[in-house]
Amino acid sequence: MIETPSLVDQYCHGVLRTELGLGTFEAHLGRGEGPPAPGTTFFDTQTGFAVRRWCPPLLGLEPHCPPARYLARRRELGVLEAGRRLLRGSGITTYLMDTGLPDDLTGPTEMASAAEAETHEIVRLELLAEQVADTSGTVESFLANLAESVHAAAVGAVAFTSVAGVRHGLALAPQPPGPGEVRGAAGRWLADRTVGGPVTDPVLLRHLLWIAVASGRPLQLHAGLGEPGLRIDRTDPVLLADFARATAGLGTDLVLLHGYPYHRHAAHLAGIFPHVYADLGPALARTGARAGAVLAEILELAPFGKLLFSTGASGLPELHVVGARLFREALGRVLGGWVADGAWSLHDAQRVAGMIASGTAQRVYGLGPTDAGG
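Structural notes, computed from the coordinates. Small disclaimer: the values here were computed from a predicted structure and weren't measured. Residue numbering note: each chain is counted from 1, following its sequence as written. With pLDDT at 70 or above as the cut-off, local features in this predicted model cover only qualifying residues; side-chain atom pairs require 80 or more to be listed or tallied, and sums for whole chains, interfaces and linings still use all residues. Side-chain figures throughout are based on the complete set of non-hydrogen atoms in the structure, without hydrogens or water.

Glancing now at empty space enclosed by the protein. Any space left empty among the atoms is revealed by the rolling of a water-sized probe across them. A 1.4 Å probe that fits but cannot get out identifies a cavity on a 1 Å grid over protein atoms alone, an open set with protein on both sides within 12 Å along at least five of seven lines counts as a pocket, and a residue lines either if it has an atom within 4 Å of a point. Grid points are joined across faces, edges and corners, and a volume is the space filled by probe spheres set on the points. Under the definition given, this model contains two cavities of 30 Å³ or more. Taken as a whole, the largest cavity spans an internal volume of roughly 70 Å³. Residue lining of the largest cavity: 13 residues in total, with Leu-170, Leu-172, Leu-209, Leu-240 and Phe-243 positioned closest to the centre. Think of it this way: any DSSP run of H or I at least four residues long counts as a helix, any run of E at least two long counts as a strand, and we number them from the N terminus. For the lining of the largest cavity, the leading source of residues is helix α10 (residues 202-215), giving three residues.

Right, dumping it as structure tokens:
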């Protein structure tokens, strides 16, 4: 039996505060560009089946109960009580939360209370730049305030995260842009934008990455599947190889988030560069009953101490549950199988499981003492 008593969710978001109807709930399962096709449902996906397997028992229902019955029970309990039961039943003891999504999601303080867990903030670089731009009148003040804001954020946050891949693609020039380039790009952006307008200029995105690298905090980079409509060929983590090479030896760890369906590429980079780590994340939640096969593929390429558990969950507490349960099931199935075959010892399997579940995250993010060797 492979045990993972403590899970550090090294990348996730908060949960919705509002009651959800069938359509809204489904929208968070499918992550498509619209509703499900007529006559179909997003419950008929690996994620949907996993929700129906693992979440009903936490709300007092039998596994695999019909979606309508599950959602009726959810409404009967109320959004707060259902959320508490789900989050506390996930087995996650620490959440690292990207707070760069809309305000209708719970923040770290609310999440800590609901889940009875420790929480830490991850600061999204692009949102920080947009907030600074809203209150800066000139290019000079914007750049000065941005540098000061990143420095101040690094004091309290456990990491920075970037959605440069979502905004532009990961095929960015790997070197830091020069001061003249940055001033020119900032001037054009500030002149054209309205309040709250997103930063998409590749020069500014590179500038954000490099000032984050200078902070010394771990830098998480989104790759693979992301927002609906995203060209995923532009978010293949292999496109970050030159940036990883350029940042080697500078003292800042890079964490490749999500990765799927390019999870092998992320694992490959984690195997090449000492400062690069790979996130298991939604790869397991998306693949459901096939999660063990995907996990085994990642374990083929990456050193075991370079892998990090996360759920990548947002909106639905069910997604935190599914991410955690599928991870534990997949890890137990894969490592347990290797132990049964005599390929691994039980001690080594347990040691590796502890690293991936929590130990490596504790080390990378400075969350507390940990024995990296198990």
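Next up on the list: the packing of helix α7 (residues 139-156) against α10. Interhelical geometry of α7 versus α10 gives an angle of 40° and a closest axis separation of 10 Å. Between α7 and α10, the interaxial angle falls into the category oblique. Seen from above, α7 lies across α10 with right-handed handedness. Contacts from Leu-143, Leu-146, Val-150 and Ala-154 of α7 reach α10 at His-207, Leu-208, Ile-211 and Ser-215. A breakdown of the residues in the contact of α7 with α10 according to their chemical character gives six nonpolar, two polar and no charged. Angles here are taken between N-to-C directions and fall from 0 to 180 degrees, while the axes themselves are lines fitted to C-alpha atoms, restricted in helices to the stretch in contact. Angles below 35 degrees are treated as roughly parallel, those above 145 as roughly antiparallel, those between 65 and 115 as roughly perpendicular, and all remaining angles as oblique. For a crossing to be left-handed, the near helix must be turned anticlockwise from the far one by less than a right angle; the clockwise case is right-handed. In this analysis, two residues are considered to be in contact whenever any of their non-hydrogen atoms come within 4.5 Å of each other. Residue polarity follows a fixed list, in which Ala, Val, Leu, Ile, Met, Phe, Trp, Tyr, Cys and Pro are nonpolar, Asp, Glu, Lys and Arg are charged, and the others, Gly among them, are polar.

This brings us to the sheet that holds strand β7 (residues 276-279). Only strands that DSSP links by at least two bridges are regarded as paired with each other. Across the sheet, eight strands lie side by side as β1-β2-β3-β4-β5-β6-β7-β8; this open sheet has parallel pairing. Each end of this open sheet is capped by a strand with a single partner; those strands are β1 (7-12) and β8 (307-308). Note: strand β6 (residues 254-258) against β7, three bridges, orientation parallel. When the sheet's bridge partners are listed, Leu-256 is paired in β7 with Ala-278. Here α10 sits on the sheet in contact with β4 (159-162) and β5 (219-223), set at roughly 145° to β5.

What follows covers the side chain of Thr-247. Looking at the secondary structure, you find Thr-247 in helix α11 (residues 241-247). Here's how the labels work: a residue is buried when its accessible area is under 20% of the maximum for its type, exposed when over 50%, partly exposed in between, all with a 1.4 Å probe on protein chains only. Of the residues examined, Thr-247 reaches a relative accessible area of 1% and is grouped as buried. Here Thr-247 is in contact with Trp-210, Val-213, Leu-254 and His-275, once residues within four sequence places are set aside.

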